[in-house]
Amino acid sequence: MSLFDEHIGVWCGTHLVIDSQGREIDRFEATVTCRREGDRWHQTTTRAWPDGRATESEFSGTFDEAGVLHYQHAHVIGKALDVGDQHIVSIWKDPDSPDISYSSLITLLNRDRRVRTVQKIEHGKLAAHILIKEARVH
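Just so you know, these numbers come straight off a predicted model, no measurement behind them.

Participant: How do you make sense of the packing of aromatic side chains when you look at a structure like this?
Facilitator: Two measures describe an aromatic ring pair: the distance that separates the ring centres and the angle between the ring planes. For the structure on display, the rule yields six aromatic pairs. Ring geometry for Phe-4 and Trp-41: centres 5.9 Å apart, planes at 70°, overall edge-to-face. Here Phe-4, found in the segment before strand E1 (9-19), pairs with Trp-41, found in strand E3 (residues 40-48); they are 37 residues apart in sequence, far enough to count as distant. When the ring of Trp-92 is compared with that of Tyr-102, the centres are 5.2 Å apart and the planes differ by 10°; the resulting orientation is stacked.

See the structure below:
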């Protein structure tokens, strides 16, 4: 069994966006649904802000023979790798924004708790950190 399989389910949590100067620039709640069908991964994220705004995004990918997840969707191209113990590293870009890239570390704390840290790099400089604390609800 892959560490990715331990992330299957529905996760809810708070996303805190901090700029490169350490200032909070955004905060929202999100629900992330992860599922796997054989070598295919599917993920949907619904974001909700206190002012009532909401968005939904999704992507899918395929695991290669080494267990690396490769995703290519309209707004997400990247890959994720189980780096052992309880950590997954993920890197991606939006093809419409070639000067922006993202990298994240996902740490499974226990069966029902995880944390994620995302770095947003823009024009070769840190633009923001996204700190995420989530609990599995299904």
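That shown, we press on.
Participant: Please explain the sheet that holds strand E5 (residues 69-73) as it appears in this structure.
Facilitator: Hydrogen bonds between backbone atoms are what pair the strands of a sheet, whose relative direction is either parallel or antiparallel. In space, the 10 strands of this closed barrel follow the order E1-E2-E3-E4-E5-E6-E7-E8-E9-E10, with antiparallel pairing throughout. Each strand of the sheet is rotated relative to its neighbour by a mean of 25°, with strand direction disregarded. Bridge count between E5 and strand E6 (residues 76-82): five bridges; the pairing is antiparallel. Looking at E6, one finds that Tyr-71 is bridged to Gly-78.

Participant: I would appreciate a short explanation of the pattern of salt bridges in the present structure.
Facilitator: In a structure, side chains of opposite charge can pair up when their charged atoms sit close to one another. Across all of its chains, the model carries eight salt bridges by this definition. Residues Arg-27 and Glu-24 are paired through a salt bridge, measuring 2.9 Å at the closest nitrogen-oxygen approach. Overall, the relative accessible area of 40% leaves Arg-27 in the partly exposed class. Of the residues examined, Glu-24 reaches a relative accessible area of 47% and is grouped as partly exposed. Asp-51 is the salt-bridge partner of Arg-53, the closest N and O atoms lying 2.9 Å from each other. When salt bridges that share partners are traced, they join Arg-114, Arg-116 and Glu-134 into one network.

Participant: Please explain the side chain of His-15 as it appears in this structure.
Facilitator: Note that His-15 resides in strand E1. A distance of 3.4 Å separates the side chain of His-15 from the side chain of Arg-116, its partner in a polar contact. Among all residues touching His-15, those that are not within four sequence positions of it are Asp-26, Arg-27, Phe-28, Ala-30, Arg-116, Ile-130, Leu-131, Ile-132 and Glu-134.

Participant: Could you clarify how one ought to interpret the nonpolar core in this entry?
Facilitator: Most often, soluble globular proteins have nonpolar side chains that are buried together. Membership of the largest hydrophobic core comes to 15 residues, with the highest contact counts inside it found for Phe-4, Trp-41, Leu-69, Tyr-71, Ala-80 and Ile-88. Elements with a minimum of two residues in this core: strand E2 (24-37), strand E4 (54-63), E5, E6 and strand E8 (100-110). Discounting residues that sit within four places of it in the chain, Phe-4 has contacts with Arg-36, Trp-41, Phe-63, Gly-67, Leu-69, Ala-80, Leu-81, Asp-82 and Ile-88. Of all hydrophobic cores here, the second largest spans eight residues; its members include Phe-28, Val-118, Ala-128 and Ile-130.

Reading guide: rules and limits
- Every chain's residues receive numbers from 1 upward, in the order its sequence appears when written.
- Under the rules for a predicted model, residues below a pLDDT of 70 receive no local features and side-chain atom pairs below 80 are neither given nor counted, while totals for whole chains, interfaces and linings still include all residues.
- Excluding hydrogens and water, the side-chain figures rest on all heavy atoms present in the structure.
- Only centres within 6.5 Å qualify two rings of Phe, Tyr or Trp (six-membered ring in Trp) as a pair; their planes then separate them into stacked at under 30 degrees, edge-to-face at over 60, and tilted for everything else.
- The way it works is that DSSP assigns letters per residue, a run of H or I at least four long becomes a helix, a run of E at least two long becomes a strand, and they are numbered from the N terminus.
- Any two strands with at least two DSSP bridges between them are considered paired.
- Working convention: axes come from line fits to C-alpha atoms, limited for helices to the stretch in contact. Angles between N-to-C directions cover 0 to 180 degrees.
- The term salt bridge refers to a side-chain nitrogen of Lys or Arg lying within 4 Å of a carboxyl oxygen of Asp or Glu.
- Each residue gets one of three labels from its accessible area relative to the maximum for its type: buried under 20%, exposed over 50%, partly exposed in between, using a 1.4 Å probe on protein chains only.
- By the criterion applied in these results, polar contacts are pairs of N or O atoms within 3.5 Å in which, for protein atoms, one can donate a hydrogen and the other can accept it, and in which residues neighboring in sequence qualify only through two side-chain atoms.
- The criterion used for residue contact is that any of the two residues' heavy atoms lie within 4.5 Å.
- By convention a nonpolar core is built from buried Ala, Val, Leu, Ile, Met, Phe, Trp, Tyr and Cys residues, the set being connected through side-chain atoms within 4.5 Å.

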